[in-house]
Amino acid sequence: MDYTHLGRSGVAVSRICLGTMNFGAHTEQPDAHQIMDHALEQGINFFDTANTYGRPRADGVTESIVGDWLTAAPGRRDKVVLATKLYGGKGEWPNDRFLSAVNIRQSCEASLRRLKTDHIDLYQMHHVDRSTGWDEIWEAMSVLRTQGKVIYTGSSNFAGWHIAQAQEAAQRRGALGLVSEQSLYNLAERTVELEVLPACQGYGLGLLPWSPLHGGLLSGVLSRETGPRSGGGRSAEVLAERRPQIEAYESFCAELGHPAAEVALAWLLHQPAVTAPIVGPRTLDQLTSAIRAEHLTLDDKALARLEQIFPGPGGAAPEAYAW
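Let me begin by describing the structure that accompanies this report.

With that settled, consider the layout of surface pockets. Looking at the second largest pocket, its volume works out to about 280 Å³. Tallied by class, residues from the lining of the second largest pocket come to 2 nonpolar, 7 polar and 5 charged.

What follows deals with the nonpolar core. Ranked by size, the top nonpolar core spans 55 residues in total, and within it M125, W138, M141 and Y249 carry the most contacts. Elements represented by at least two residues in this core include exactly α4 (101–115), β6 (120–125), α5 (134–146), α6 (160–172), α7 (196–203), α8 (233–256), α9 (260–269) and α11 (300–309). W138 has contacts with M125, T153, A166, Q167, A169, A170, R173, G177 and L178, leaving out every residue within four places of it along the chain. Counting residues in hydrophobic clusters, the runner-up holds 24 residues, among them F23, A32, I65 and V80.

What follows deals with the sheet that holds β6. One open sheet accounts for 8 strands, arranged β9-β8-β7-β6-β5-β4-β3-β10; its pairing is parallel. Strand pairing shows two members of the sheet lacking a second neighbour, β9 (206–210) and β10 (278–279), which therefore form its edges. Bridging between strand β8 (residues 178–184) and β9 involves 5 bridges; their strand directions are parallel. Across the sheet, the residue bridging to S183 is P209, located in β9.

Let us now look at the pattern of salt bridges. Taken as a whole, this structure holds 11 salt bridges when the rule is applied. The partner of R190 in a salt bridge is E193, and the shortest N-O contact between them spans 2.7 Å. Its relative accessible area of 8% is what places R190 among the buried residues. The residue R292 makes a salt bridge to E262 at a minimum N-O spacing of 2.6 Å. Of this pair, R292 sits in helix α10 (residues 284–293) while E262 sits in helix α9, and the two are 30 residues apart along the sequence. R292 sits in the partly exposed class, given a relative accessible area of 46%.

This next bit is on the packing of aromatic side chains. In the structure shown here, the tally under the stated rule is 6 aromatic pairs. With centroids separated by 5.2 Å and ring planes inclined at 65°, the aromatic side chains of Y87 and F98 adopt a geometry described as edge-to-face. Linking Y87 in the loop between β5 (81–86) and α4 with F98 in the loop between β5 and α4, this pair joins segments that are 11 residues apart in sequence. Among the residues examined, Y87 registers a relative accessible area of 18% and is labelled buried.

Moving on, we get to the side chain of E181. Assignment of secondary structure puts E181 in strand β8. Buried and without a salt bridge, E181 has K85 as its closest oppositely charged side chain, separated by 11 Å. Of note is the side chain of E181, whose polar atom sits 2.5 Å from the side chain of S155. Within the structure, the side chain of E181 is placed 3.1 Å from the backbone nitrogen of F158, a separation counted as a polar contact. In contact with E181, not counting residues within four places along its chain, are S155, S156, N157, F158, I163, V196, C200, L205, G206, L207 and L208.

Definitions and cut-offs
- Just so you know, the residues in each chain are numbered from 1, in the order the chain's sequence is written.
- In keeping with the model being predicted, local features are shown solely for residues with a pLDDT of at least 70 and side-chain atom pairs are shown and tallied solely at 80 or more, while totals for entire chains, interfaces and linings include all residues.
- To obtain the side-chain values, all non-hydrogen atoms of the structure were used and water was disregarded.
- Detection works on a 1 Å grid of protein atoms alone, calling trapped sets that fit a 1.4 Å probe cavities and calling open sets with protein on both sides within 12 Å along at least five of seven lines pockets, with lining residues defined by an atom within 4 Å of a point.
- Grid points are joined across faces, edges and corners, and a volume is the space filled by probe spheres set on the points.
- Basically, the charged four are Asp, Glu, Lys and Arg, the nonpolar ten are Ala, Val, Leu, Ile, Met, Phe, Trp, Tyr, Cys and Pro, and anything else, Gly included, counts as polar.
- Residues enter a nonpolar core if they are buried and are Ala, Val, Leu, Ile, Met, Phe, Trp, Tyr or Cys, with the set joined through side-chain atoms within 4.5 Å.
- For the exposure calls, accessible area comes from a 1.4 Å probe over protein chains only, and a residue counts as buried if that area is under 20% of its type's maximum, exposed if over 50%, partly exposed in between.
- Under the scheme used here, helices are H or I runs from DSSP no shorter than 4 residues and strands are E runs no shorter than 2 residues, and both carry numbers assigned from the N terminus.
- Two residues qualify as a contact provided that any one of their heavy atoms is within 4.5 Å of a heavy atom in the partner residue.
- Pairing between strands is defined by DSSP: at least two bridges between the two strands are required.
- Here, a salt bridge means any Lys or Arg side-chain nitrogen found within 4 Å of an Asp or Glu carboxyl oxygen.
- A pair of Phe, Tyr and Trp rings is counted when the ring centres sit within 6.5 Å of each other, with Trp represented by its six-membered ring. The angle between the planes then sorts it: under 30 degrees is stacked, over 60 is edge-to-face, the rest tilted.
- When charges are counted, neither His nor the chain ends are considered; positive counts come from Lys and Arg and negative counts from Asp and Glu.
- Under this definition, polar contacts are N or O atom pairs within 3.5 Å; protein pairs additionally need one hydrogen-donor-capable and one acceptor-capable atom, and for neighbouring residues in sequence, both atoms have to be side-chain atoms.

This is the structure:
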């Protein structure tokens, strides 16, 4: 497994990030623990979760599964760069969600209890909160850092402008600010190349693409029988309108001699600003495939062909749409 720095931070993370969204929703705890065992054995040291993952949603089910695994063997916690998120909640009370100082404190304490740890390595805002000012947000985060409960802060689903706002506010306070951004990014969805990627590069954030297979659309959906993911989710919504692209893509992957899912992950690892795609395996086989992709090199000819099949927005803004 190769490693890289998380954005401009000094912490080293694996080029594949283990996403845990399926744990407690589609993957039962024993299987989830087996997947985490194998990930660590293969050198994956970057685990991502969130306080809303699992079923029932927002009950912290997935964080609890991860926490049970972390404490099941000595030394595991020190080997893992642990990331979780806050923003969403059940909504039963007015202050159990979003990014107020009250919810930041309460959500952090709850996540620490479920994860059975005394600190979170990367605490991520799952969405921008347009109703809470950045001075309040950074003050609350600075308290958590001073207490040793949070080491780094990241964002998720931010626009380029939100990243700029956050970083400028952090700099005014003399704070480190964001070190990473999680965004929807894959061969089929490249909108972030307009503004988000340039913002990440300009401010030194590592990009963590979520849904790297676009809900299964890029996983070889046409070349296998209909499965649990190929018949629903994002792939079902867009497959009909993008079938010619997917046919061309799967045909090209066959020419390369590599599974479609591995090619899609390898393409992301070739993109600027990308630190680690977040893979969310439901099974051990899916994790093994993702690990293989980390060592798949695409030459210029292959990258050019993929660009033909899935053209991006034309580069960074404003050149992509103006002179």
